[in-house]
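Observations on the three-dimensional arrangement
Residues per chain, in single letters:
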2 protein chains.
Amino acid sequence: MITRQEDFSKWYLDTIQQADLMDYSPVRGSMIFKPDGYEMWEHIQTAFDKRFKEEGVRNAYFPMLIPEHFFAKEADHIEGFSPELPFVTEAGGEKLEEKLALRPTSETMIGDAYSRWIQSYRDLPLMLNQWANVFRWEKRTLPFLRTSEFLWQEGHTAHADAEEAKERTMRMLEIYKEVVEDVLAVPVFSGEKTPSERFAGAENTYSIEAMVQDGRAIQAGTSHFMGTRFAEAFDITYLNQDNEHVYAYTTSWGVSTRLIGTLIMMHGDDQGLIIPPAVAPRQVVLMPVGPWKKNPEILEKLKELQHQLHEAGIRTVLDDSDQSPGFKFNEWEMRGVPLRIEFGPRDLENGTVVLKARDVEDKHFVEIDQLVSAVEEELNAMQARLFERAKKMNEQHVYTNIDTLDELKEHIEEKRAAGERAGWVLAGWDGTEESEAKIQEETGFTTRHIPFEGMVEPKEKCIVTGKPAKYTVWIARAY
Amino acid sequence: MITRQEDFSKWYLDTIQQADLMDYSPVRGSMIFKPDGYEMWEHIQTAFDKRFKEEGVRNAYFPMLIPEHFFAKEADHIEGFSPELPFVTEAGGEKLEEKLALRPTSETMIGDAYSRWIQSYRDLPLMLNQWANVFRWEKRTLPFLRTSEFLWQEGHTAHADAEEAKERTMRMLEIYKEVVEDVLAVPVFSGEKTPSERFAGAENTYSIEAMVQDGRAIQAGTSHFMGTRFAEAFDITYLNQDNEHVYAYTTSWGVSTRLIGTLIMMHGDDQGLIIPPAVAPRQVVLMPVGPWKKNPEILEKLKELQHQLHEAGIRTVLDDSDQSPGFKFNEWEMRGVPLRIEFGPRDLENGTVVLKARDVEDKHFVEIDQLVSAVEEELNAMQARLFERAKKMNEQHVYTNIDTLDELKEHIEEKRAAGERAGWVLAGWDGTEESEAKIQEETGFTTRHIPFEGMVEPKEKCIVTGKPAKYTVWIARAY
């Protein structure tokens, strides 16, 4: 297998195929989520869904097909999405009177519904979420990270006033950060997107962004404050307590199956996948070793151990195939199973098993009668280790002392020549679109976002023009 | 509100709107699942998903868009589905080279994938399930029961031999029956579909069918044995233990959001919805009664009780609005909440609450300190009562002594004149398509299915021709 160092993109594509997470489909840019890939999504869904419900958000389901004229109601929205829309133009053997778009987001459909459902201040806040498939006809695609069809959740809320809507926007970003860090073990950076990177139609867009192992950025989740722009476009008004018709303030926020791609690029190594225990389809693989076939007690005992782990809510697989231990070790490492339990004749005698975590070299013995608690402990420890390792890697690849575009180009060139990652650079920015565009044209780096106050030491001068910096931004190559 | 007796269809449409389960969408034939409607689907999903996983079925996700030529691979399949397909013909501003259908089922897409994934007998059985939205461009639509887009699960399995595939087909039908009866409290009839009602491309189709309150039938779930027909169409072959390339045997099976419509039509009454506790978004509504505002302890105590119920995993809502008790009773009855808890000044004094189940007139007092167990008991009792009541209603509306088409017409006419339901009729059938078509033309009844052996007393003569009956079938008007 190719190493990450040799070719990170190829390593990624090889890894996800060999770990059996996905397959390509006959339709350009779409993919099949195979069970191991899909199950990670199920665990991610469960973690988010629980927290959404605790916040008082309820799930609903809105139609996939959206009349073309809906998009025209919000000018930025149609400009942002129309190049990416697939359209149904015929159905049931007849040409349709109006083309129907496959939703790129349900913003417009939900805006239309909210305009009917919201009449009085008593109807607010209205907070709904939807788990759904969405479409964006992308030219360049990459499994999990950018596909024509993907799975996501989209939350849409409406509020009586701006303050409450802004709080909701920020609260959902916090929840995203919490789940991505705690469950996916992926540390993220929070901040506000620059105007050019805002969601089409939003007043403010906030994002969490992850830095993966090749030093590039992945936008892992976004939360948008819409102000009254969608309310005005879709006539979402309500009668307030003073008996006046006024516009509601709305928000929306989403994370998608690109989180799967993110965690793979964050944690994998040259042996293949490393899956954080919290989202691993199988948390433990048990296997007999040594001349185990001579004594049926070994396999019996292993089955008993598997049962004990299962009863404790731990996801396991028992590999009693005829392959050699080396082959099996390799197979399950490639698939990223967090823990391996080896059990052979000597272990049977000693009342122990060998425990090995996927992310460290160390193997150690564990008393059989303490296996469940040892496994639970080790899974927790590994989850924490992966996060800490990722965090350390991130810290080692942020650069805060680059002040000019020439320095940036030099930095990128040096790193490239050394076969190292250029990472993320903290840059002063004068706030103009011209400067932002110039960074991208000349370096391939894009502005990721403006970190929240207090998170970084502000830069004084714009990296492009040398003028006083209006903002300090993270810039990096992005997926 | 209109009664079921006056106009069952209108009662149904009024009930689902007033209970806030759905809304119409601007696209013909599609609907919005509002939170209370969608949450029932979530509980249904949870019940099925757990059982599928216990069977060793894993979830996956396949692309929505299917190339047109895939449908042509299985002759019956394209004939069955092509009149109902919507097509994407343009995307990203360009006309597509090949039209892409919105999946009516993923049979073909999954057949194509299985042909790549299945190579050896070691790859079998392969058992996957998908939760997804599907499209069938229906001419006449009815919310939850027949819409252009709906939500469902589709399981697809491949096996080394016919016997195992048949067992799987029947096992999934059993699971369907179990969940629909135990969780939705809807009794169902099991049997095999006649050839004309088979799934497009199946060798055998089995169904569970429910008889709802107007006596009509709803096909509530189907399970198909495909034989090797899809394997031949999509080249799903494997190397068996004798080193021969042979075709796999496949099955598929599905239930959909029409289950929501089914349970509503089964349990509702003239006050509105009645939701079985197991799928109710809110299982208990608590409300203060009497001059409760004068003593803040009443509301405090109610909140404490709500908390206790919540801790016990019971879904509750507390209605402390200013509306009159009569208004609130009516509101929550309309929404079908299983239990109501009333609590006023006298209750505070006596240490009791009043408990009222949605489906019976009786109210009774419960000691406050036994509330949680009393509620749990009452929820279970109500779940059982709803099932028994439905079962009794079904038994009263099956007719087994109708032997000719004239008798059937007379029966239908008599019932119609009396404002009663024609119900289901057990009929002898000579097995010809002509006779089957004639029943429908002359009575509007269709064959529901052939009950499994031993479930009914076989009829001797065909209801149409008087010839010896080859099969005994249930016939009824169906949704």
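Calculation notes
Residues numbered from 1 in each chain as written. Chains lettered and ligands numbered in written order. Predicted model: local features only at pLDDT ≥ 70, side-chain atom pairs only at ≥ 80, totals over all residues. Heavy atoms only, no water. UniProt positions renumbered as here; feature names shortened; annotations may be inferred. Least-squares fit on C-alpha atoms with pLDDT ≥ 70 in both. Contact = heavy atoms within 4.5 Å. Pairing = 2+ DSSP bridges. Helix = DSSP H or I, 4+ residues; strand = E, 2+ residues; numbered from the N terminus. Axes fitted to C-alpha atoms, helices over the stretch in contact; angles between N-to-C directions. Buried < 20%, exposed > 50% of the residue type's maximum accessible area, 1.4 Å probe, protein only. Domains from an automatic or database assignment. Buried area = accessible area lost by both parts, 1.4 Å probe. Salt bridge = Lys/Arg side-chain N within 4 Å of Asp/Glu carboxyl O. Polar contact = N/O pair within 3.5 Å; in protein donor to acceptor, adjacent residues only side chain to side chain. Phe/Tyr/Trp six-rings, centres within 6.5 Å; stacked < 30°, edge-to-face > 60°. Lys NZ or Arg CZ within 6 Å of the ring centre and 35° of its normal.

In the nomenclature of an unreviewed UniProt entry, chain A corresponds to Proline--tRNA ligase from the organism Dolosicoccus paucivorans. If you open the UniProt record of chain A and go to Subunit (unreviewed entry), you find "Homodimer." Of chain A, the UniProt comment under Subcellular location (unreviewed entry) reads exactly: "Cytoplasm".

Right, let's get into the relation of the copies chain B and chain A. Mapping chain B onto chain A leaves a residual RMSD of 0.0 Å; the transformation is a rotation of 180° accompanied by 0.0 Å of translation along its axis. On this basis, the relationship between the two copies can be described by a two-fold rotation axis. For chain B, the smallest separation between a C-alpha atom and the rotation axis is recorded for Val88(B), amounting to 2.1 Å. When you check the interface residues of chain B against chain A, 100% turn up at the interface there too, and the contact is symmetric in its surfaces.

Residue and element names in this part refer to chain A. On the basis of which strands lie adjacent, the open sheet formed by five strands has the order S16-S15-S17-S18-S19 and mixed pairing. This sheet does not close on itself; its edge strands, each paired only once, are strand S16 (316-318) and strand S19 (363-367). Neighbouring strand axes in the sheet, compared pairwise and without regard to direction, differ in orientation by 25° on average. Note that strand S15 (residues 284-288) and strand S17 (residues 339-343) share five bridges and pair parallel.

Here we take up the environment of Asn243(A). All names here are of chain A. Position of Asn-243 relative to the elements: it lies in the loop between strand S12 (237-239) and strand S13 (245-247). With a relative accessible area of 60%, Asn-243 lands in the exposed category. Residues Asn-243 and Arg-51, 192 residues apart in the sequence, show an inter-C-alpha distance of 35 Å.

Time to look at the domain arrangement of chain A. All names here are of chain A. Each assigned domain of chain A is listed here: domain 1 (8-267), domain 2 (284-381) and domain 3 (400-476). The gap between the C-alpha centroids of domain 1 and domain 3 is 28 Å. On the domain 3 side, the residues contacting the 22 residues of domain 1 number 15 residues. Between domain 1 and domain 3, a total of about 1500 Å² is buried, with carbon and sulfur atoms accounting for 63% of that surface. For domain 1, the biggest contributors to the area lost against domain 3 are Phe-189, Ser-190 and Thr-194; these three give 28% of the whole. The interface formed by domain 1 and domain 3 contains one salt bridge. In this structure, Arg-448 and Glu-209 form a salt bridge, with 2.9 Å as the shortest nitrogen-oxygen distance. Between the two partners, domain 1 and domain 3, sit nine residue pairs in polar contact (both at pLDDT 80 or more). Those elements that provide at least two residues to the side of domain 1 that touches domain 3 are helix H6 (162-182), strand S9 (189-192), strand S10 (204-211) and strand S11 (217-227).

So, about the packing of aromatic side chains. All names here are of chain A. On inspection of all chains with the given rule, the structure shows 39 aromatic pairs over all chains. Site record: aromatic cluster; members linked through ring pairs are Trp-41, Phe-48, Phe-52, Trp-131, Tyr-176 and Trp-253. Geometry around Phe-70 places Lys-73 over its ring, the cationic atom sitting 5.1 Å from the centre. Sitting over the face of the ring of Tyr-479, Arg-216 holds its NZ or CZ atom 3.9 Å from the ring centroid.

Under the UniProt annotation, "domain: Aminoacyl-transfer RNA synthetases class-II family profile" (unreviewed entry) lies at residues 28-276 of chain A. Across residues 28-276 of chain A, the secondary structure splits into 32% helix and 33% strand, with the terminal C-alpha atoms separated by 31 Å.

This part covers the pattern of salt bridges. Residue and element names in this part refer to chain A. Per the stated rule, a full pass over the model turns up 74 salt bridges over all chains. The salt bridge partner of Lys-34 is Asp-20, with a shortest N-O separation of 2.7 Å. With Lys-34 in the loop between strand S2 (31-33) and helix H2 (35-54) and Asp-20 in the loop between helix H1 (8-18) and strand S1 (22-24), this pair connects stretches of sequence that are 14 residues apart. Exposure remark for Lys-34: the relative accessible area of 10% places this residue in the buried category.

So, about the sheet that holds strand S4 (residues 65-67) of chain A. Taking strand neighbours across the sheet as the criterion, the six strands line up as S4(A)-S6(A)-S5(A)-S5(B)-S6(B)-S4(B) in an open arrangement whose pairing is antiparallel. Only two strands of the sheet have a single neighbouring strand rather than two, namely S4 of chain A together with strand S4 (65-67) of chain B. For this sheet, the mean angle separating the axes of adjacent strands, direction not counted, is 45°. Sheet topology places S4(A) next to strand S6 (residues 94-102) of chain A; three bridges connect them, and they run antiparallel. Counted as the bridge partner of Leu65(A) is Leu102(A) from S6(A).

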